[in-house]
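Spelled out from the first residue to the last, the chains are:
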Amino acid sequence: MKPFAYVNAANEKEAIAALGPDRGKFLPIAGGMDLLALMKDYIVQPDRLVNVKNLDRTISRSSDGGLRIGAAVTVDEVATHADVARMYPALVHAAGEVGTPQIRHSGTVGGNLNQRPRCWYYRNEEFDCLKKGGSRCFAVDGENQYHAIFGDGPCHIIHPSSLAVPLMALKATFRVAGPAGEREVAAEDYFVTPDRNLFGETVLQPNELLTHLLLPPPGSAKSATYEVRYKQSHDWPLASAAVVLDMSGTTIRGARIVMGAVAPTPWRSQAAERALAGKTISEQTAIAAADAAIQGAKPMTLNAYKVQIARTAVKRAVMKAAGMKGNWA
Ligand SMILES: Cc1cc2nc3c(=O)[nH]c(=O)nc-3n(C[C@H](O)[C@H](O)[C@H](O)COP(=O)(O)OP(=O)(O)OC[C@H]3O[C@@H](n4cnc5c(N)ncnc54)[C@H](O)[C@@H]3O)c2cc1C
Ligand code: SF4
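None of the values given here were measured: they were computed from a predicted structure.

Calculation notes
Residues numbered from 1 in each chain as written. Chains lettered and ligands numbered in written order. Predicted model: local features only at pLDDT ≥ 70, side-chain atom pairs only at ≥ 80, totals over all residues. Heavy atoms only, no water. Near = heavy atom within 4 Å. 1 Å grid on protein atoms, 1.4 Å probe; cavity = no way out; pocket = protein on both sides within 12 Å on 5 of 7 lines; lining within 4 Å. Sits in = over half its atoms within 2 Å of the grid points. Nonpolar A, V, L, I, M, F, W, Y, C, P; charged D, E, K, R; others polar. Phe/Tyr/Trp six-rings, centres within 6.5 Å; stacked < 30°, edge-to-face > 60°. Helix = DSSP H or I, 4+ residues; strand = E, 2+ residues; numbered from the N terminus. Buried < 20%, exposed > 50% of the residue type's maximum accessible area, 1.4 Å probe, protein only. Lys NZ or Arg CZ within 6 Å of the ring centre and 35° of its normal. Polar contact = N/O pair within 3.5 Å; in protein donor to acceptor, adjacent residues only side chain to side chain. Points joined across faces, edges and corners; volume = space filled by probe spheres on them. Salt bridge = Lys/Arg side-chain N within 4 Å of Asp/Glu carboxyl O. Patch = residues over 30% accessible without salt bridge, like charges linked within 9 Å, V, L, I, M, F, W, Y side chains within 5 Å. Areas by Shrake-Rupley, 256 points an atom, 1.4 Å probe, with all protein chains shown as cover. Pairing = 2+ DSSP bridges. Axes fitted to C-alpha atoms, helices over the stretch in contact; angles between N-to-C directions.

**Q** Which parts of the structure should I look at to understand the site of ligand 2?
**A** Around ligand 2, the structure places 13 residues, and the nearest of them are C119, C129, C137, C155 and H156. In a pocket analysis with a 2 Å cut-off to the grid points, ligand 2 is assigned to the largest cavity. The residue makeup of the shell around ligand 2, split by class, is ten nonpolar, two polar and one charged.

**Q** Would you take a moment to explain the packing of aromatic side chains for this structure?
**A** The relation between two aromatic rings is expressed through the spacing of the ring centres and the mutual angle of the planes. The final tally for this structure, using the stated rule, is nine aromatic pairs. Ring geometry for F150 against W267: centres 5.6 Å apart, planes inclined by 25 degrees, an arrangement best described as stacked. Separated by 117 residues along the polypeptide, F150 in the loop between α7 (109-114) and α8 (164-169) and W267 in strand β12 (residues 267-268) bring together distant segments of the chain. With a relative accessible area of 5%, F150 lands in the buried category. With a relative accessible area of 24%, W267 lands in the partly exposed category. Measuring from centroid to centroid gives 5.1 Å for Y190 and F191, while their planes differ by 85 degrees, and the two rings are edge-to-face. For the residue pair Y190 and F191, the accessibility class agrees, reading buried in each case. Members of the aromatic cluster, connected to one another through ring pairs, are W120, Y146 and Y230. The ring of F26 carries the charged tip of R48 above its face, separated from the ring centre by 4.3 Å.

**Q** Whenever I open this one, the site of ligand 1 confuses me. Can you help?
**A** Close to ligand 1 lie 32 residues; P28, A30, G32, T108 and S162 are nearest. L210 has a polar backbone atom sitting 2.9 Å from a nitrogen atom of ligand 1. Take the shell around ligand 1: its biggest share by element is four residues, from α7. Here the residues of the shell around ligand 1 sort into 16 nonpolar, 13 polar and three charged.

**Q** I tried to follow empty space enclosed by the protein on my own but got confused; where do I start?
**A** Rolling a probe over the atoms, with the probe sized like a water molecule, indicates the empty space that remains. Throughout the structure, instances matching the rule amount to two cavities of 30 Å³ or more. The computed volume of the largest cavity comes to approximately 80 Å³. In this structure, the largest cavity is lined by 14 residues; those nearest its centre are C119, C129, C137, C155 and H156. Here the residues of the lining of the largest cavity sort into ten nonpolar, two polar and two charged. Of the pockets and cavities examined, the second largest cavity occupies roughly 30 Å³. In terms of residue class, the lining of the second largest cavity is built from five nonpolar, three polar and two charged.

**Q** Please clarify how the pattern of salt bridges should be interpreted in this entry.
**A** A pair can form between side chains of opposite charge whenever their charged atoms are brought close. With the rule as written, the count across this model stands at 20 salt bridges. Here R57 ties to E77 by a salt bridge, and the two come within 2.8 Å at their closest N and O atoms. Pair noted here: R57 is in the loop between β3 (48-51) and β4 (59-61) and E77 is in helix α3 (residues 75-79), with a separation of 20 residues, a long-range link. On the basis of relative accessibility, which here comes to 26%, the residue E77 falls in the partly exposed class. Linking R268 and E273 is a salt bridge whose minimum nitrogen-to-oxygen distance equals 2.8 Å. Looking at E273, the relative accessible area reads 7%, which means it is buried. What you see here is one network of salt bridges that share partners, running through E188, R256, R268 and E273.

**Q** Whenever I open this one, a nonpolar patch on the surface confuses me. Can you help?
**A** Residues M1, F4, Y6 and L36 make up a contiguous nonpolar surface patch of about 360 Å² in total accessible area. Topologically, L36 is positioned in helix α2 (residues 33-40). Residue class for L36 comes out partly exposed when judged on its relative accessible area of 31%.

**Q** Got a minute to help me understand the sheet that holds β4 in this structure?
**A** Strand pairing in a sheet relies on backbone hydrogen bonds, with the paired strands running either antiparallel or parallel. The strand order across the open sheet built from five strands is β4-β5-β8-β6-β7, with neighbouring strands paired in antiparallel fashion. For this open sheet the edge positions go to β4 and β7 (181-186), each flanked by a neighbour on one side alone. Each strand axis lies, on average, 25 degrees off the axis of its neighbour in the sheet, ignoring direction. Bridge count between strand β6 (residues 173-178) and β7: six bridges; the pairing is antiparallel. By the bridge assignment, T173 is partnered in β7 with A186.

Rendered as structure tokens:
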């Protein structure tokens, strides 16, 4: 590992002051689970790490009746918080499924949402792919069984954060702070596709930090996340879906549907949302939404199987959110 300086920032202000404008030179470190692995593999080689574990580590009620979650809160604290469980079941479920207990205890919300892609070509220093400034995407003709089935490239990563999927469905806003002050970015606008930024996955500038998640009051909305994994192991899901339903009795007034692990960002399907709006909830309605969600999928050479998995995830997430019976483990 290349030598680096370490700044133990006591608070948000000190952390921002210790970052800089050059991408990749000064990096925030929280639990370190993703970042240290990238450094050991020579994928990123920062000059300075800035400890951001002293950012806000609380979950509190906001004045509008929603929740405010600090970036230094751990994934486990989200997964086990009574208010999060009561107000946002989709988020609690996703947090509880992240990795292993050890990973959930060390990993922070800020680190989880800003973790880098898991593409094995990106993670291997021998492959100088597009994302590292090279001239080709090795996944196109290579081992692309876990890559994207949506999006137009030129890089075909899948977004790795399980928390991002329900946060986008729940219309969360992210508070971002930097030397020029603070701003709020809708979760939907925070993650960017590779055609907009090949070398990063968010709108965050190198000298900015994600400091808080702001969740709007859920009202009477019902939400759920459904993830499909190889087995009940610690690994990332093959595909997932988060669904928020605004129901009046058995009628769906409106819905938000976001898929995970299928595209370079969490992938919202407005077609699936339209398929539910105004309909009576039933298995058939959930299937119609799932069919709509996979329209436009463009699988690569080895991952057509993911289309059916994404479809199943959407169908089951809709039924789970609506409180229908099923095997939703
Ligand atoms: C075996 C295994 C299985 C896993 N399974 C899953 C899974 O199913 N779902 C899932 O979502 N994740 C999974 N993970 C990933 C894990 O959850 C993340 O690596 C972890 O949450 C990162 O948090 P951290 O605090 O350790 O981040 P760090 O490693 O410290 O940071 C990660 C990145 O975020 C940046 N960063 C950190 N904090 C901030 C901030 N406040 N503002 C801006 N940038 C910041 C860092 O610079 C770095 O680039 C898995 C990991 C492993 C090893
Ligand atoms: S999918 Fe992206 S990160 Fe992976 S090899 Fe292609 S360009 Fe690189």
